[in-house]
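These are the residues of each chain, in order.
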Amino acid sequence: MVVATATEHLSIAIVGHVDHGKSTLLGRLYADTGSLPDGKLEKVQAICRQQGKEFEYAFLFDAFLEEQEQGITIDTARTFFSWQNRRYIIIDAPGHKEFLKNMVSGAARADAAILVIDAAEGVQEQSKRHGYLLSLLGIRQIAVVVNKMDLVDYREDVYRKVEAEYRAFLASINVTPERFVPASARMGENITEPSQRMPWFSGPTILDTLALFRMDAAPDQAPLRFPLQDVFKFDARRILAGRIAAGTLTVGDRLVFSPSNKTARVRSIEAFNVDPLPLQAVAGQSIGVTLDEQIFVERGEIASHEATLPLVGRTFRGNVFWMGKRPLTTEGEYVLRLSTGEAPCRVTTVHRIIDATELGYVDPKGVVNRNEVAELTIQTRYPIAFDPYSSLATTGRFVLVDEYDVAGGGIITEAVSDEFADLREEARRRDLSWVQGDVGSELRADHYGHRAALVVISGGVPSHQAALARRLESVLVGDGRHAYLLDPENLRQGLDADMLSGDRQESIRRFGEVARLLLDTGQIVICPMRGLLDEDYHAVQTLVHPVPMLVVQVGQTGSEPSSEADIHVSGSDPIEESCGKIMEEMRSRSLLAYALNEKRRFRYANYSI
Amino acid sequence: MTTKVQTNTDTVAHLRALEDQSVYILREAYKHFDDLCMLWSMGKDSTALLWLARKAFFGHVPFPLVHIDTSYKIPAMIEYRDRVAKEWGLNLLIGQNKDALADGMNYTRGRVVCCTALKTNALKQFLAEHSFTGVIMGIRADEEGTRAKERYFSPRDKGGEWDFRDQPPEFWDQYKTSFPKGTHIRIHPLLDWREIDIWEYIRLENIPMIDLYFDRGDGTRYRSLGCAPCTLSIKSTARTIDEVIEELKVTTVAERSGRAQDEGRGMELLRKDGYM
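Cut-offs applied
- Residues numbered from 1 in each chain as written.
- Chains lettered and ligands numbered in written order.
- Predicted model: local features only at pLDDT ≥ 70, side-chain atom pairs only at ≥ 80, totals over all residues.
- Helix = DSSP H or I, 4+ residues; strand = E, 2+ residues; numbered from the N terminus.
- Contact = placed C-beta atoms within 7 Å.
- Buried ≥ 20, exposed ≤ 12 C-beta atoms within 10 Å, placed from the backbone.
- Nonpolar A, V, L, I, M, F, W, Y, C, P; charged D, E, K, R; others polar.
- Pairing = 2+ DSSP bridges.
- Axes fitted to C-alpha atoms, helices over the stretch in contact; angles between N-to-C directions.
- Parallel < 35°, antiparallel > 145°, perpendicular 65-115°, else oblique.

### Here we look at the overall build of chain A
- Check the secondary structure of chain A and you find 14 helices and 28 strands.
- At a minimum sequence separation of 6, the contacts of chain A that also span at least 24 residues come to 72%.

### Details of unusual backbone geometry
Residues and elements named next belong to chain A.
- With an omega dihedral of 5°, the bond running from Ser258 to Pro259 counts as a cis peptide bond.
- One non-glycine residue, Tyr154, lies in positive phi territory at about 55°.
- Within the secondary structure, Tyr154 sits in the loop between strand S5 (141-147) and helix H6 (156-172).
- Residue Asn273 is not a glycine yet carries a positive backbone phi of 60°.
- Looking at the element boundaries, Asn273 is found in the loop between strand S11 (262-270) and strand S12 (280-282).
- Taking the number of C-beta atoms within 10 Å as the measure of exposure, Asn273 has 12 and is therefore exposed.

### Description of the interface of chain B and chain A
- Listed as interface residues are 55 residues of chain B and, on the opposing side, 57 residues of chain A.
- Those elements that provide at least two residues to the side of chain B that touches chain A are helix H1 (9-32), helix H2 (44-56), helix H3 (75-87) and strand S3 (92-95) of chain B.
- Along the lines of polarity and charge, the residues of the side of chain B that touches chain A split into 23 nonpolar, 14 polar and 18 charged.

### Considerations on the sheet that holds strand S5 (residues 153-156) of chain B
Residues and elements named next belong to chain B.
- Read from one edge of the open sheet, 6 strands run S3-S2-S1-S4-S6-S5, paired in mixed fashion. The sheet terminates laterally at S3 and S5, the two strands that pair on one side only. For this sheet, the mean inter-axis angle between neighbouring strands, taken without regard to orientation, is 30°.
- For strand S1 (residues 36-39) and strand S2 (residues 65-68), the ladder comprises 2 bridges, and the chain directions are parallel. Among the inter-strand pairings, Met38 is bridged to a residue of S2, identified as Leu65.

### Observations concerning the packing of H1 of chain B against H2 of chain B
All names here are of chain B.
- At a closest axis distance of 9 Å, the pairing of H1 and H2 adopts a crossing angle of 75°. The angle between H1 and H2 falls in the class roughly perpendicular. Note on element contacts: H2 touches H1 through Leu52, Ala53, Lys55 and Ala56, opposite Glu19, Ser22, Val23, Leu26 and Arg27.
- When the residues that make up the contact of H1 with H2 are grouped by side-chain class, the tally is 5 nonpolar, 1 polar and 3 charged.

### Observations concerning the sheet that holds strand S1 (residues 8-16) of chain A
All names here are of chain A.
- Pairing in this open sheet of 6 strands is mixed, and the strands run S2-S3-S1-S4-S5-S6 from one edge to the other. Looking at which strands have only one partner, the edges of the open sheet turn out to be strand S2 (77-83) and strand S6 (179-182). The mean angle between the axes of side-by-side strands here comes to 25°, regardless of whether they run parallel or antiparallel.
- The sheet contact formed by S1 and strand S4 (residues 112-118) spans 5 bridges and is parallel.

So this is what it looks like as structure tokens:
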């Protein structure tokens, strides 16, 4: 029996300005290589006859009636094509400006791209925009096809002119194309056979161009990045699941999770229907591991080796392309997603808009419109782990979600240091060398029926604030929880007695470290705090991270910050009611009750047959 | 005399890459949707998908499986369904448009009419009844033109309709997982798989398949399974998975050529309206 010969799989996107002949090129390629299923050509030709219009190769893949009627591709089609021991997924992306997000969806999954330019029309707006997006999407292999050569009588000078213009454009955005190829998809010139009409061209045909693209080597040598996707406990095993974004993970490795700085060793790599279990996994693989210690880590954290940690921070600079229905503004609230991590964020500065057509820089006015590319500074509400795109692509790019929709994508050009960088570094050093007993935070949570949490009560009349804090402690302890009231006043005469009064930064730091110690015992720590500034909250949060911090704002005093508050209670409400509200919020955040893996309502042994 | 065919290493690497992507998508779906289910038609695709779910969740299938039963399925499919469900400990739910069936709905009233009533509407009724917000399906891009334009996470509006003009962007493994109340998301982990990949994966993993896909002595087999009156068998003497794979390597006949509802614009109309 014949065993199939070696095969490679390559995804190639076809992009370019609307009506420059992308779908026709694709249709022609399939027809001329005999790659269409039996009857497909005849079926489409019959539909054309029925509708009384001339057959075009583009119709083969423009599946929607509307696409054929308007003669444009609306959405990316993925088609499969084999040639000389290579299997191709060809992604036909739409060229109309209206459907840019479809083009991005298609092109993002390609290993290489063919950018089509109409010889007669020359370089157009989307030719440039698509070229720029390809580079942002990280697609490095680009071939440019100068199509519709039949419309310019197959003249070399026309071809050379288009080539020179587009080459110059690509050079301006630091992209070097693999090659330029003249063709006429409609007439079938230089598609599968060298063209007799263009004897002046001795380069490859379109089919050869496909064969000349190379597979990207897997980045196994890169530092390990294993973003945590989910934690499963379907049986006795507690499995941390995720897909390795870069590098290699080996059983026995000591993993550091960022940004929580938790550490543990890999005990096993689990798998279904695999015997024996693997001892190593590499980039691209969706795996599950068990650890030697039951540490509490959550989706969004990135596991790595201690020697090659990712950056952790709240602020960075990046290049973003925006596809949202409404403009991106510095006023808007967005959610940033980077691999499996997610954090609310704001755009603090729009540095400049990169005009795709001229590549000049436009005055931003704090707004990025649809289909524009911009340089921004973004700040997340809490720290996330990331890498600069130039050092690691998969953990150096992100998307922005506006309301329900993924509305933008971007790459991180550099981390921006903020005033908490020192504290973050202190926390990381402290956590990595922390001496841990045999009882981990997860075991404590299991026993106590709640996770550790810091509840900061701010604002309001001092007496009311203190009363609320005391009452909350009593109610929690009465409910069987482990809670402790930590008034900053208690530090002042003791731990801080050596300090000069007025060293606010140091006293906040000490308070954060004391809270961190108490929280490590698994308690809910309640702190009445007066006169806090936004940066104080962030300083404390940085030190106690990843323990959740809940800020309760009492009343409206004006001088206290309210933007950081998670719960608002009124100073005139009965204290009992405010306590109830705070506990409700803690329940909804899975801080109270047996929080771990509790979310599922589904029962396994429920056969309805 | 049969020789055990070894899947070559490049093909294995390709299948594992597809598997890794599908597993990632399944886990994303499970993480983001509390009310999640998976459609299972007992065909090769949705059975391979079910296997991938067991891969993703380490032998478990942590959501219910839904069979939309038109009552016209080939009887052997129902036997196979119940046997596998029991062996693998599946939570199996059956959806059926009982009103339409009581009214005598069948394909002679028009294939698109019948599919709409017994599949599209049965599915919509079922989803509404159980308030599922995420539905995992085993459709593939290479089956048919409109499926080639699908997303991994594909939103449906309140009427269950597909707005193919305005699909969400999807890149860098970031999917549409938030949505307004009343709408739902269809999840398609098999989009990148081709028919031959499915069969090679079935062979590689040794997934138990229903025998309707093989020639059982009369020189015919099914290449795609659906309702008995609207699914034609093909002429083939392939009796084993190996022989099916060899046949697929040389055929130029479309996989769904035996599926009557695909004629003309059938699928575009059906799918816009909420068909699988």
